[in-house]
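Survey of secondary and tertiary structure
Letter by letter, the chains look like this.
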Amino acid sequence: QKEVEQNSGPLSVPEGAIASLNCTYSDRGSQSFFWYRQYSGKSPELIMSIYSNGDKEDGRFTAQLNKASQYVSLLIRDSQPSDSATYLCAVMRKTSYDKVIFGPGTSLSVIP
Amino acid sequence: DTAVSQTPKYLVTQMGNDKSIKCEQNLGHDTMYWYKQDSKKFLKIMFSYNNKELIINETVPNRFSPKSPDKAHLNLHINSLELGDSAVYFCASSQGVYGPTSGNTIYFGEGSWLTVV
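These figures come from a predicted structure and were not determined experimentally. (Residues numbered from 1 in each chain as written. Chains lettered and ligands numbered in written order. Predicted model: local features only at pLDDT ≥ 70, side-chain atom pairs only at ≥ 80, totals over all residues. Heavy atoms only, no water.)

**Some remarks on the overall build of chain B**
How we decide: Labels follow the DSSP assignment, with helices taken as runs of H or I lasting at least four residues and strands as runs of E lasting at least two, numbered in each case from the N terminus. We take the radius of gyration over the C-alpha atoms and set the globule estimate at 2.2 Å times the residue count to the 0.38 power. Between buried and exposed lies partly exposed: a residue is buried under 20% and exposed over 50% of the maximum accessible area for its type, with that area taken using a 1.4 Å probe on protein chains only. By the convention used here, residues are in contact when the closest approach between their heavy atoms is within 4.5 Å. Areas reported as accessible are Shrake-Rupley estimates using a 1.4 Å probe. Residue values count occlusion only from the protein chains shown. In this charge count, Lys and Arg are treated as positive and Asp and Glu as negative; neither His nor the chain ends contribute. Positions of charges follow a simple convention, taking NZ of Lys, CZ of Arg, CG of Asp or CD of Glu.
The helix and strand inventory of chain B stands at 0 helices and 11 strands. Each helix (α) and strand (β) of chain B, taken in turn from the N terminus, gives the series β-β-β-β-β-β-β-β-β-β-β. In summary, chain B has a C-alpha radius of gyration of 13 Å against a globular reference of 13 Å for 117 residues, a match within 12%. Its C-alpha atoms put chain B at 40 × 30 × 25 Å along the principal axes. Classification of the 117 residues of chain B by burial places 46% in the buried group. Restricting to contacts in chain B with at least 6 residues of sequence separation, those with at least 24 account for 57%. Of the accessible surface of chain B, which amounts to about 5700 Å², a share of 49% is contributed by carbon and sulfur atoms. Charge-centre separation for chain B: the mean point of 11 positive side chains lies 5 Å from the mean point of 11 negative side chains.

**Quick look at the nonpolar core**
Note that soluble globular proteins tend to have their nonpolar side chains buried in a common cluster. For the record, the criterion: To qualify as a nonpolar core, a set must consist of buried Ala, Val, Leu, Ile, Met, Phe, Trp, Tyr and Cys residues joined through side-chain atoms within 4.5 Å.
Counting residues in each nonpolar core, the largest one holds 24 residues, and the members touching the most others are Trp-35, Val-72, Leu-74, Ile-76 and Tyr-87 of chain A. Every residue in contact with Tyr-87 of chain A, bar those within four places of it in the chain, is listed here: Gln-6, Leu-21, Trp-35, Tyr-36, Arg-37, Ile-47, Leu-74, Ile-76, Gly-105, Thr-106 and Leu-108 of chain A. Counting residues in each nonpolar core, the second largest holds 20 residues, with Trp-34, Phe-47, Tyr-49 and Leu-114 of chain B among its members.

**Here's the deal with the sheet that holds strand β1 (residues 4-7) of chain B**
All names here are of chain B. Test applied: Here, any two strands with at least 2 DSSP bridges between them count as paired. Whenever a helix is involved, its axis is fitted only over the stretch in contact; in every case the axis is a line through C-alpha atoms, and angles between N-to-C directions fall within 0 to 180 degrees.
An order of β1-β3-β8-β7 is seen for the 4 strands of this open sheet, with the pairing classed as antiparallel. The open sheet has two edge strands, β1 and β7 (64-70), and neither has a second partner. Here the average twist between neighbouring strands, direction ignored, is 20°. Examined bridge by bridge, β1 and strand β3 (residues 19-25) share 4 bridges and lie antiparallel to one another. Across the sheet, residue Ser-5 finds its bridge partner in β3, namely Glu-24.

**Section: the state of the cysteines**
Covalent bonding between the sulfur atoms of two cysteines defines a disulfide. How we decide: Any two cysteine sulfur atoms within 2.5 Å of one another count as a disulfide.
Within this structure, the stated rule accounts for 2 disulfides over all chains. In this model Cys-23 of chain A forms its disulfide with Cys-89 of chain A; the gap between the sulfur atoms is 2.1 Å. Linking Cys-23 of chain A and Cys-89 of chain A, the disulfide has an S-S dihedral of approximately -70° and is accordingly described as left-handed. Here Cys-23 of chain A, found in strand β3 (residues 19-25), pairs with Cys-89 of chain A, found in strand β9 (residues 85-93); they are 66 residues apart in sequence, far enough to count as distant. Both residues of the pair, Cys-23 of chain A and Cys-89 of chain A, count as buried. Here Cys-23 of chain B connects covalently by a disulfide to Cys-91 of chain B, the sulfurs 1.8 Å from one another. When the S-S torsion is -80°, as for the bridge of Cys-23 of chain B with Cys-91 of chain B, the disulfide is left-handed. Residue Cys-23 of chain B is located in strand β3, and its partner Cys-91 of chain B is located in strand β9 (residues 87-94); the two are separated by 68 residues in the primary sequence. Considered together, Cys-23 of chain B and Cys-91 of chain B belong to a single accessibility category, that of buried residues.

**Notes on the pairing of strand β4 (residues 32-38) of chain A**
Residues and elements named next belong to chain A. With 7 of 7 residues buried, β4 is to be regarded as a mostly interior element. Burial along β4 is two-sided: the face carrying Ser-32, Phe-34, Tyr-36 and Gln-38 and the face carrying Phe-33, Trp-35 and Arg-37 are both buried. Across 7 bridges, the pairing between β4 and β9 is antiparallel. Pairing of Phe-34 across the sheet is with Ala-90, part of β9. Hairpin connection of β4 to strand β5 (residues 45-50): 6 residues between the antiparallel strands, including Gly-41 at a positive phi of 80°.

The structure is reproduced here in structure tokens:
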């Protein structure tokens, strides 16, 4: 089982719709969870971080964490064509040294 | 002013050659990383340094050798390049003694596209 799993996509949604991105992780000791956005040919950039169960909202983005189910998701409301990118889920394990493990990413395409 | 800068951005080289990628961060961070992203976009950590000390060394061939002359620099040297080394290599940095902690994040450089022919 891979440490962090995501649907590779591509996920296509019409402009204005809600895009839902999902991520599962295998290590129950994971403590911190991140969503990064990566445009084609660019470097990843952090858009959301979440550390406790529940929802965290930031503008059009909402991160949801359920540690019991080892599940984290990202909702993008009112999707825009500029949201078209690959979204990387990342999980930090608490080992001797903190280490961030990235999932394979989900490609999102927002259709005008 | 670029926070994490790496050079070169593009590198095309032949199998068997030795090459280096340089990285510098001006954020004052304690921890620096090298990540490799393959053609399937899978971003995988290779090394992590904290204040010039190696703290994470994943299963990476010995041909890859990181060097940190000071906490603002982390260079990656690759010996005897192979076709499978073709990828994008991202340098990154974060605050915190042992890497990213709550509230902190990893800042990535723009990436170095390595093509081995």
